[in-house]
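# Close look at the chain arrangement
What follows is each chain in one-letter form.
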Amino acid sequence: MSAEANVSDDDLASAVKSMEELVDEAVQVYELEKEKSNVTDDLYNSLKIITAYLGFSIDLDPRILSLPEGSRATLTPVLDIVIIKPDYKSEQKRFDQLALDEAAKVLQYAIPQVISLARADRIAKGKKLSFLRESTKALKRLPGTNAEEMLIGNESLHFEKAGS
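Computed from a prediction, not measured in an experiment: that's the story for all the values here.

## Quick look at the sheet that holds strand β2 (residues 72-75)
Pairing is antiparallel across the open sheet formed by 4 strands, whose spatial order is β1-β2-β3-β4. Across the chains shown, the open sheet's two edge strands, defined by having one partner strand only, are β1 (58-60) and β4 (90-94). The sheet shows a mean angle of 25° between the axes of neighbouring strands, direction not considered. Against the sheet, helix α3 (residues 100-141) touches β1, β2 and β3 (80-84), its axis set at about 150° to β1.

## Remarks on the pattern of salt bridges
Charged atoms that come close allow side chains of opposite charge to pair. In the structure shown here, the tally under the stated rule is 6 salt bridges. When the shortest N-O distance is used, the salt bridge between E91 and K85 registers 2.8 Å. Linking R94 and D96 is a salt bridge whose minimum nitrogen-to-oxygen distance equals 2.5 Å. Judged by relative accessible area, which is 36%, R94 ranks as partly exposed. Judged by its relative accessible area of 19%, D96 is buried.

## Notes on the nonpolar core
Counting residues in each nonpolar core, the largest one holds 18 residues, and the members touching the most others are L60, L65, L75, I81 and V106. Elements with a contribution of two residues or more to this core: α2 (9-54), β1, β2, β3 and α3. No other element matches the 4 residues that α3 contributes to this core.

## Let's talk about the side chain of D80
Topologically, D80 is positioned in strand β3. The side chain of D80 sits in the buried core without any salt bridge; R94 is the nearest counter-charge, 5.4 Å away. At 2.8 Å, the side chain of D80 forms a polar contact with the side chain of Q92. Residues within four places of D80 in sequence aside, it is in contact with T74, L75, Q92, K93 and R94.

Cut-offs applied
- Residues numbered from 1 in each chain as written.
- Predicted model: local features only at pLDDT ≥ 70, side-chain atom pairs only at ≥ 80, totals over all residues.
- Heavy atoms only, no water.
- Pairing = 2+ DSSP bridges.
- Helix = DSSP H or I, 4+ residues; strand = E, 2+ residues; numbered from the N terminus.
- Axes fitted to C-alpha atoms, helices over the stretch in contact; angles between N-to-C directions.
- Contact = heavy atoms within 4.5 Å.
- Salt bridge = Lys/Arg side-chain N within 4 Å of Asp/Glu carboxyl O.
- Buried < 20%, exposed > 50% of the residue type's maximum accessible area, 1.4 Å probe, protein only.
- Core = buried A, V, L, I, M, F, W, Y, C linked by side-chain atoms within 4.5 Å.
- Lys, Arg positive; Asp, Glu negative; His and termini not counted.
- Polar contact = N/O pair within 3.5 Å; in protein donor to acceptor, adjacent residues only side chain to side chain.

And the structure:
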């Protein structure tokens, strides 16, 4: 009897079922990869708008990107990562080109720092704006400081001088 004759119908059915499971798993992995790409693009584009507006650069811990000791990494406002290696050679990566685990680590590290910088910037701008409001209010209380009155007064002086 040949070896082919020894293969039972159950073994063949099991092999076909395994192949179907393999195809199903491969399709699911493909769909997850495709979704990962879409989610990463959406995250990148949305986050880039915010970080570019805020304009902060964040120094990253080089270990997040598995860089050698003595390396430096900076996340720029446009979500590029500038890497300076110990030999002072540099390279640049886009955030959306990172592996998922690296991207997650960068976000976990950088977002709290961006929030802190944005909060400090907001507070400083608020104080400056408050100062300007108070200064404007104080100047409006002075007689003859109305901008329209000053313009009219200056124009009448100008016309009087021109007519002389």
